[in-house]
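Residue-level structural notes
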Amino acid sequence: MGHVWHLLAHDFLKFIAHILSIGRAMYDCRGLSGRFKLTLAQRAVYVLVSTSSPCYHSVMSQTHTATYVFNGKSLNALAVSLNGQKIPAWLDEEIRTAFEKLAPYIKNDNQVIYLRDIKFLAIDGKYPGGHCYNSYEAMIALPDWEADKQQVVATINHELHHMARWQNPGYGDTLGGAVLSEGIATYYEEMISGWTPPWAQADVSSEAFDNAIKNWTDNQYDHSGWFFEGKYGKWVGYAIGYRLARELFSDNFDLAKSINIKPDEVEHLLKGLESSK
């Protein structure tokens, strides 16, 4: 009997050793190794209850990184496929081309753009949605990596145009500044990609135009209400800005002007658009 128990104990210790090796691999996979120590029992329990771990049982997310350098300025790009879809081969060239056009107006030595497939962050769950909240970084959320190429290209150019404006006059800290920046970026993405996003075509009431003029220099404006959905409807700030940009560049598009123009230089055009309704 003692011999049997000895064999059982030996097998049990081999099992625990196996559990520990898996546990170490799983923790290494999560990037947590060395951050804290687990007791033997804790690690064994962790492995036994973590059988659904995507790191252990599923395909890892795919990533693509690249750095583009023009005029001594670099853009670091990171694309992540969180759901295992293939990142399209055309993405690299489209980011490079977009950055090359805007590089003459880039002042920071280094900046980054990050694209990932997170459906609930995409606009209405189906259009690529981006943001560029400072002069160094832009982020884009895709519904998935099978998203329409034209729409992805449009969004890349939209966000990089924001980045260039951030590094020159700035995005704008007033309603007028935001309307101008978003309007020009929306017009620019359409010009580059050929896709007119639905927010550029949103309905704008006379009341919305009137209040945009009255509050043009307001630095306490409700960004979400004007640009997402609020008192005047959905996407109104984008639509006003798009119409303004279309009027501004009705003769020809000037990239340098689109990067550097300030809201006080176009307020008269907005008043003209409102009066023509």
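Residues numbered from 1 in each chain as written. Predicted model: local features only at pLDDT ≥ 70, side-chain atom pairs only at ≥ 80, totals over all residues. Heavy atoms only, no water.

1. Notes on the packing of aromatic side chains
What characterises a pair of aromatic rings is the spacing of the ring centres plus the angle enclosed by the ring planes. Inspection of the entire model under this criterion finds 13 aromatic pairs. Aromatic pair Phe227 and Tyr238: ring centres 5.3 Å apart, planes at 85°, arrangement edge-to-face. With Phe227 in helix H8 (residues 223–227) and Tyr238 in helix H9 (residues 236–248), the pair connects residues that are 11 residues apart, well separated along the chain. By relative accessible area, Phe227 is classed as buried at 0%. By the ring-pair criterion, three or more aromatic residues cluster together here, those being Tyr187, Tyr188, Tyr242, Phe249 and Phe253. The ring of Trp235 has Lys234 lying over it, and the distance from NZ or CZ to the ring centre is 4.5 Å. (Phe/Tyr/Trp six-rings, centres within 6.5 Å; stacked < 30°, edge-to-face > 60°. Helix = DSSP H or I, 4+ residues; strand = E, 2+ residues; numbered from the N terminus. Buried < 20%, exposed > 50% of the residue type's maximum accessible area, 1.4 Å probe, protein only. Lys NZ or Arg CZ within 6 Å of the ring centre and 35° of its normal.)

2. Details of the nonpolar core
Grouped together as the largest cluster of nonpolar side chains are 38 residues, with contacts concentrated most on Trp226, Phe227, Ile240, Leu244, Val266 and Leu270. Contributing elements (two or more residues each) for this core: helix H6 (175–193), helix H7 (206–214), H8, H9 and helix H11 (267–275). In terms of residue count, H9 provides more of this core than any other element does, 8 residues in total. Discounting residues that sit within four places of it in the chain, Val266 has contacts with Leu180, Trp216, Leu244, Leu248 and Ile261. Leu91, Phe99, Ala103 and Ala147 belong to the second largest nonpolar core, which has 30 residues in total. (Core = buried A, V, L, I, M, F, W, Y, C linked by side-chain atoms within 4.5 Å. Contact = heavy atoms within 4.5 Å.)

3. Some remarks on the confidence of the model for the protein chain
Residues at a pLDDT of 70 or more form 77% of the protein chain, whose mean pLDDT is 84. The model gives residues 1–57 a pLDDT under 50, and that stretch makes 36 contacts with residues more than four places away or in other chains. (pLDDT = per-residue confidence, 0-100.)

4. Topic: the packing of helix H4 (residues 91–102) against helix H5 (residues 149–166)
Taken N-terminus to C-terminus, the directions of H4 and H5 make an angle of 30°; their axes are 10 Å apart at the nearest point. If you check the angle between H4 and H5, you find them roughly parallel. By crossing handedness, the relation of H4 to H5 is classed as right-handed. Where H4 approaches H5, its residues Leu91, Glu94, Ile95, Ala98, Phe99 and Leu102 are matched on the opposing element by Lys149, Val152, Val153, Ile156, Asn157, Leu160, His161 and Ala164. Grouping the constituent residues of the contact of H4 with H5 by class yields 10 nonpolar, 2 polar and 2 charged. (Axes fitted to C-alpha atoms, helices over the stretch in contact; angles between N-to-C directions. Parallel < 35°, antiparallel > 145°, perpendicular 65-115°, else oblique. Left-handed = near helix turned anticlockwise from the far one by under 90°. Nonpolar A, V, L, I, M, F, W, Y, C, P; charged D, E, K, R; others polar.)

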